[in-house]
There are 4 protein chains.
Amino acid sequence: MITGKAIPSKVLLIAVIGGAQCSVEEAALAETVGRELAKRGAVVICGGLGGVMEAVCRGAVIESGLTVGVVPGDDPRMANSYVKVPIASGVGYARNIAVVKSAQAVIAIDGDYGTLSEIAYALKGNIPVIGLNTWVLSRNGQQNSSIIIAEDAVDAVEKAISLAKGLKVG
Amino acid sequence: MITGKAIPSKVLLIAVIGGAQCSVEEAALAETVGRELAKRGAVVICGGLGGVMEAVCRGAVIESGLTVGVVPGDDPRMANSYVKVPIASGVGYARNIAVVKSAQAVIAIDGDYGTLSEIAYALKGNIPVIGLNTWVLSRNGQQNSSIIIAEDAVDAVEKAISLAKGLKVG
Amino acid sequence: MITGKAIPSKVLLIAVIGGAQCSVEEAALAETVGRELAKRGAVVICGGLGGVMEAVCRGAVIESGLTVGVVPGDDPRMANSYVKVPIASGVGYARNIAVVKSAQAVIAIDGDYGTLSEIAYALKGNIPVIGLNTWVLSRNGQQNSSIIIAEDAVDAVEKAISLAKGLKVG
Amino acid sequence: MITGKAIPSKVLLIAVIGGAQCSVEEAALAETVGRELAKRGAVVICGGLGGVMEAVCRGAVIESGLTVGVVPGDDPRMANSYVKVPIASGVGYARNIAVVKSAQAVIAIDGDYGTLSEIAYALKGNIPVIGLNTWVLSRNGQQNSSIIIAEDAVDAVEKAISLAKGLKVG
């Protein structure tokens, strides 16, 4: 038993999702997102591979943040160099579910169909999704406004952390 | 060994995806899709639950078609009454991946975020997706035209079967 | 709606598990299991690959039985030639869960650690497991007698079908 | 880019597996295992629920260790109070695979069929398994000696860390 000592609180996990390949501009954006998350004490969770996933981890690590990468395969060594805690899901791209469901909010940076699947799972689970140049959804002629648009990296991080804590975002 | 007897060819599997709850009109549409698929010898694969999934299986069964339902949980008895071969995936909504990846083409009827995740996984895997009143995607201000729009149930089925066989659809 | 026509009952699914590589004797045993299952109207479900999985499907197909193969990857074409309904799980070896959870009983033929994981999941879910030259389990010095030992292929099939139907096996 | 600063090395992850319900003695054993792992700088990964999983996390937290819990469902709040980094796998008991595949070595404490499935997946992946009063396996009349027997908690931890680092254990 732990006596005379508070049980440590769980960390605040923010997922950052986006392509395994990305442009220089997207990588810079992701790196800034990672830095700003780490500065605010949030832990980055991502899919653990390259592109946006690597850049966001690099940013977080520069600011001494903790990074979790959930890779598709059986081998944690597939995680990029900036992942401190690699999780080998063993379930292929079903790991996309773990990436978003473990988080209190999700920041989507551009991204392809894999990112779209993650956005879908997050929204299905009522986990807030903040978008930076990412997918726009509509159905039956009506635009879906569930993805909250951010103006830049700092705005995305501030919105994500506020929403993760259950605060309203204006 | 099988001698003097050809190895039987694998069946043609077409996935039909859509909401676990749906309107009367959508159910009628799904039932027609199921009938038309079965008439052409295709096997229906779906998520095995209610709504669009149940209606499409009912349609297929009316025409004596085979129906496969991949349910999220551990118990095949969760499948609707019109599923002849229930698969209990045991992996929750990661079963969405199995539904589309097992198919040679996918027909999406309306649907919510679960359906969106299935569309995303299908497109990521280059499996043709035919849409009936379903999601419309755009990214970076450009509409994504990967979902092939069908006019009605018969059109959707004909497009799905042509694309499943590797034929071009005009 | 289906009028004047009974809803078709679901099929009886029996899982057959074992190594992707196997000896000639094991393949012959698996083929006989497949034949005997098909003769009794049961549908074979397996992991869809080679070895025991291929042999049991071949046996079932010889007797015009239906065979379902749940493969680990994203591509249903990975299934062996005797699988009529290939399911691409997309979740790697988590597909072992689907193989056993979809079945009303499981027959284990020899097998390695993959087979052991399937036995474990089946027993956890109270699905009867019948063993032919397979794993023997004990814990804390006590032998675990959950795996029902069969004497030969016919005995295994008869026990599996009886147990699948909820009958006691003496 | 990170300049003038070494990329941080990945953490050493040791999985501890065992029942969600356990005796007082097993809980004490698991707690000691957690303490000894944390003292040596290893990060504990487990299935995140109660019993052995909770006790090992409690032990690690007492020594200020990091704990990762991969829960079966969609909600990270299902993790026990001593999990600092909860991962919501969303894939049910397929999360057993992630628990062991993410680790460099596995310590099994007693446990039921779920634990057996984890042992099977670990051995299939050539990840060392150290056993404390856990399953004993045999096949075709021959005992399988893949599970390395430990005498007590400290012995288990020392063996796990040595094997995780690729050292031989006498």
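The sections below set out a description of the structure shown in this document.

Each value, and the rule that gives it
Residues numbered from 1 in each chain as written. Chains lettered and ligands numbered in written order. Predicted model: local features only at pLDDT ≥ 70, side-chain atom pairs only at ≥ 80, totals over all residues. Heavy atoms only, no water. Helix = DSSP H or I, 4+ residues; strand = E, 2+ residues; numbered from the N terminus. Rg over C-alpha atoms; globule rule 2.2 N^0.38 Å. Buried < 20%, exposed > 50% of the residue type's maximum accessible area, 1.4 Å probe, protein only. Contact = heavy atoms within 4.5 Å. Areas by Shrake-Rupley, 256 points an atom, 1.4 Å probe, with all protein chains shown as cover. Lys, Arg positive; Asp, Glu negative; His and termini not counted. Charge placed at Lys NZ, Arg CZ, Asp CG, Glu CD. Least-squares fit on C-alpha atoms with pLDDT ≥ 70 in both. Expected span 1.5 Å × (residues − 1). Disulfide = S-S within 2.5 Å. Pairing = 2+ DSSP bridges. Right-handed = clockwise from strand over helix to strand, strands pointing away. Buried area = accessible area lost by both parts, 1.4 Å probe. Salt bridge = Lys/Arg side-chain N within 4 Å of Asp/Glu carboxyl O. Polar contact = N/O pair within 3.5 Å; in protein donor to acceptor, adjacent residues only side chain to side chain. Nonpolar A, V, L, I, M, F, W, Y, C, P; charged D, E, K, R; others polar. Axes fitted to C-alpha atoms, helices over the stretch in contact; angles between N-to-C directions. Parallel < 35°, antiparallel > 145°, perpendicular 65-115°, else oblique. Left-handed = near helix turned anticlockwise from the far one by under 90°.

### Let's talk about the overall build of chain A
Working step 1: For chain A, the count of helices and strands is five helices and nine strands.
Working step 2: Start at the N end of chain A and walk to the C end: the helices and strands fall as β-α-β-α-β-β-α-β-α-β-β-β-β-α.
Working step 3: Taken against the 2.2 N^0.38 rule, which gives 15 Å for 170 residues, the C-alpha radius of gyration of chain A at 15 Å falls within 12% of a compact globule.
Working step 4: Of all 170 residues assigned to chain A, the portion counted as buried reaches 64%.
Working step 5: The contacts in chain A between residues at least 6 apart in sequence include a share of 55% that link residues at least 24 apart.
Working step 6: Accessible area of chain A: about 6,300 Å², with a carbon and sulfur share of 49%.
Working step 7: The average position of the 15 basic charges and that of the 15 acidic charges among the side chains of chain A differ by 11 Å.

### Points about the relation of the copies chain B and chain C
Working step 1: Each copy of the sequence occupies a distinct position, and chain B is placed on chain C by a rotation of 180 degrees and an axial shift of 0.0 Å, giving an RMSD of 0.0 Å. Here the transformation between the copies is reduced to the relation of a two-fold axis.
Working step 2: Most of the interface of chain B is mirrored in chain C, where 100% of its interface residues again form contacts.

### Comments concerning the relation of the copies chain B and chain A
Working step 1: Note on the copies: chain B fits chain A at an RMSD of 0.0 Å, the axial shift is 0.0 Å, and the rotation between them is 180 degrees.
Working step 2: A shared interface surface links the copies, since 100% of the contact residues of chain B are contact residues in chain A too.

### Let's talk about helix H4 (residues 113–124) of chain D
Residue and element names in this part refer to chain D.
Working step 1: Taking 1.5 Å per residue as the helical rise, H4 with its twelve residues ought to reach 16 Å, and the 16 Å between its terminal C-alpha atoms agrees with that figure.
Working step 2: When you tally the buried positions in H4, you get eleven out of twelve residues, the bulk of the element.
Working step 3: Taken residue by residue, H4 has Tyr113, Gly114, Thr115, Leu116, Ser117, Glu118, Ile119, Ala120, Tyr121, Ala122 and Leu123 as its buried positions.
Working step 4: Looking one or two residues past H4, Asn126 carries a phi angle of roughly 55 degrees, positive in sign.

### Quick look at the state of the cysteines
Working step 1: What the rule picks out here adds up to zero disulfides over all chains.
Working step 2: This cysteine, Cys22(C), is not joined by any disulfide, and Cys46(C) carries the nearest cysteine sulfur, 12 Å off.
Working step 3: Sulfur of Cys46(D): no disulfide; nearest cysteine sulfur belongs to Cys57(D) and is 3.6 Å away.

### Section: the pairing of strand S2 (residues 43–46) of chain B
All names here are of chain B.
Working step 1: Residues of S2 alternate between two faces, with Val43 and Ile45 on one and Val44 and Cys46 on the opposite face, all of them buried.
Working step 2: In this sheet, S2 lies alongside strand S1 (residues 13–18) in parallel orientation, the contact comprising three bridges. Each residue of the ladder has a partner; that of Ala15, found in S2, is Ile45.
Working step 3: For the segment spanning S1, helix H1 (residues 24–39) and S2, crossover handedness is right-handed.

### Regarding the interface of chain B and chain C
Working step 1: Tallying the contact residues gives 37 residues for chain B and 37 residues for chain C.
Working step 2: Between chain B and chain C, a total of about 3,100 Å² is buried, with carbon and sulfur atoms accounting for 65% of that surface.
Working step 3: Between Lys101(C) and Asp74(B) there is a salt bridge, with the nearest N and O atoms lying 3.6 Å from each other.
Working step 4: Across the chain B-chain C interface, the total number found is eight residue pairs in polar contact (both at pLDDT 80 or more).
Working step 5: For the side of chain B that touches chain C, the secondary-structure elements that each account for two or more residues are helix H2 (52–62), strand S4 (85–88) and helix H3 (95–101) of chain B.
Working step 6: In terms of residue count, the dominant contributor to the side of chain B that touches chain C is S4(B) (four residues).
Working step 7: Across the side of chain B that touches chain C, the residue classes tally to 23 nonpolar, seven polar and seven charged.

### What to know about the pattern of salt bridges
Working step 1: In total, this model carries 36 salt bridges over all chains according to the counting rule given.
Working step 2: The salt bridge partner of Arg58(B) is Glu31(B), with a shortest N-O separation of 3.0 Å. Taken together, the positions of Arg58(B) in helix H2 and Glu31(B) in helix H1 put the pair 27 residues apart, joining distant regions of the chain.
Working step 3: With a relative accessible area of 9%, Arg58(B) lands in the buried category.
Working step 4: According to the relative accessible area criterion, Glu31(B) is buried, its value standing at 14%.
Working step 5: For Arg35(B), the salt bridge identified is with Glu63(B), shortest N-O distance 2.9 Å. Note that Arg35(B) is positioned in helix H1 and Glu63(B) in the loop between H2 and strand S3 (67–71), a separation of 28 residues in sequence.
Working step 6: Beyond isolated ion pairs, a larger network of salt bridges with shared partners links Glu36(A), Lys39(A), Arg40(A) and Glu158(A).

### Points about the sheet that holds strand S1 (residues 13–18) of chain C
Residue and element names in this part refer to chain C.
Working step 1: If you trace the seven strands from one edge of the open sheet to the other, you get S4-S3-S2-S1-S5-S6-S9, paired in parallel fashion. Of all strands in the sheet, those bounded by a partner on one side alone are strand S4 (85–88) and strand S9 (148–149).
Working step 2: Judged from the five bridges that link them, S1 and strand S5 (residues 105–109) form a sheet pairing that is parallel. Within the sheet, the bridge partner assigned to Ile17 lies in S5 and is Ala108.

### A word on the packing of H1(B) against H2(B)
Residue and element names in this part refer to chain B.
Working step 1: Running from N to C, H1 and H2 cross one another at 40 degrees; their axes reach a closest spacing of 6 Å. Regarding the angle of H1 to H2, the classification is oblique. Between H1 and H2 lies a crossing whose hand is right-handed. Within the contact between the two elements, H1 uses Ala27, Ala30, Glu31, Val33, Gly34, Arg35 and Ala38 and H2 uses Val52, Ala55, Val56, Arg58, Gly59, Ala60 and Ile62.
Working step 2: Across the contact of H1 with H2, the residue classes tally to nine nonpolar, two polar and three charged.

### Describing the pairing of strand S7 (residues 135–139) of chain D
A regular strand places its side chains so that they alternate between the two faces of the sheet.
Working step 1: In this structure, strand S7 (residues 135–139) of chain C lies alongside S7(D), joined through five bridges in antiparallel fashion. Residue pairing across strands places Val136(C) opposite Ser138(D), the latter belonging to S7(D).
Working step 2: Of the strand pairs in this sheet, S7(D) and strand S8 (residues 142–144) of chain D are connected by three bridges, and their pairing is antiparallel. What sits directly across from Ser138(D), in S8(D), is Gln143(D).
Working step 3: As consecutive antiparallel partners, S7(D) and S8(D) are separated by two residues, and within that stretch Asn140(D) has a phi angle of approximately 50 degrees, a positive value.

### A short note on the interface of chain B and chain A
Working step 1: Between chain B and chain A, the residue contacts involve 25 residues of the former and 25 residues of the latter.
Working step 2: Here chain B meets chain A over a buried area of about 2,300 Å², counting both sides, of which 58% is carbon and sulfur.
Working step 3: Ranking the residues of chain B by area buried against chain A places Tyr113(B), Tyr121(B) and Arg139(B) at the top, with a combined share of 29%.
Working step 4: Here chain B is connected to chain A by two salt bridges.
Working step 5: One can count ten residue pairs in polar contact (both at pLDDT 80 or more) joining chain B with chain A.
Working step 6: Every element with two or more residues in the side of chain B that touches chain A is listed here: H3, helix H4 (113–124) and strand S7 (135–139) of chain B.
Working step 7: In terms of residue count, the dominant contributor to the side of chain B that touches chain A is H4(B) (eight residues).
Working step 8: Tallied by class, residues from the side of chain B that touches chain A come to eleven nonpolar, ten polar and four charged.

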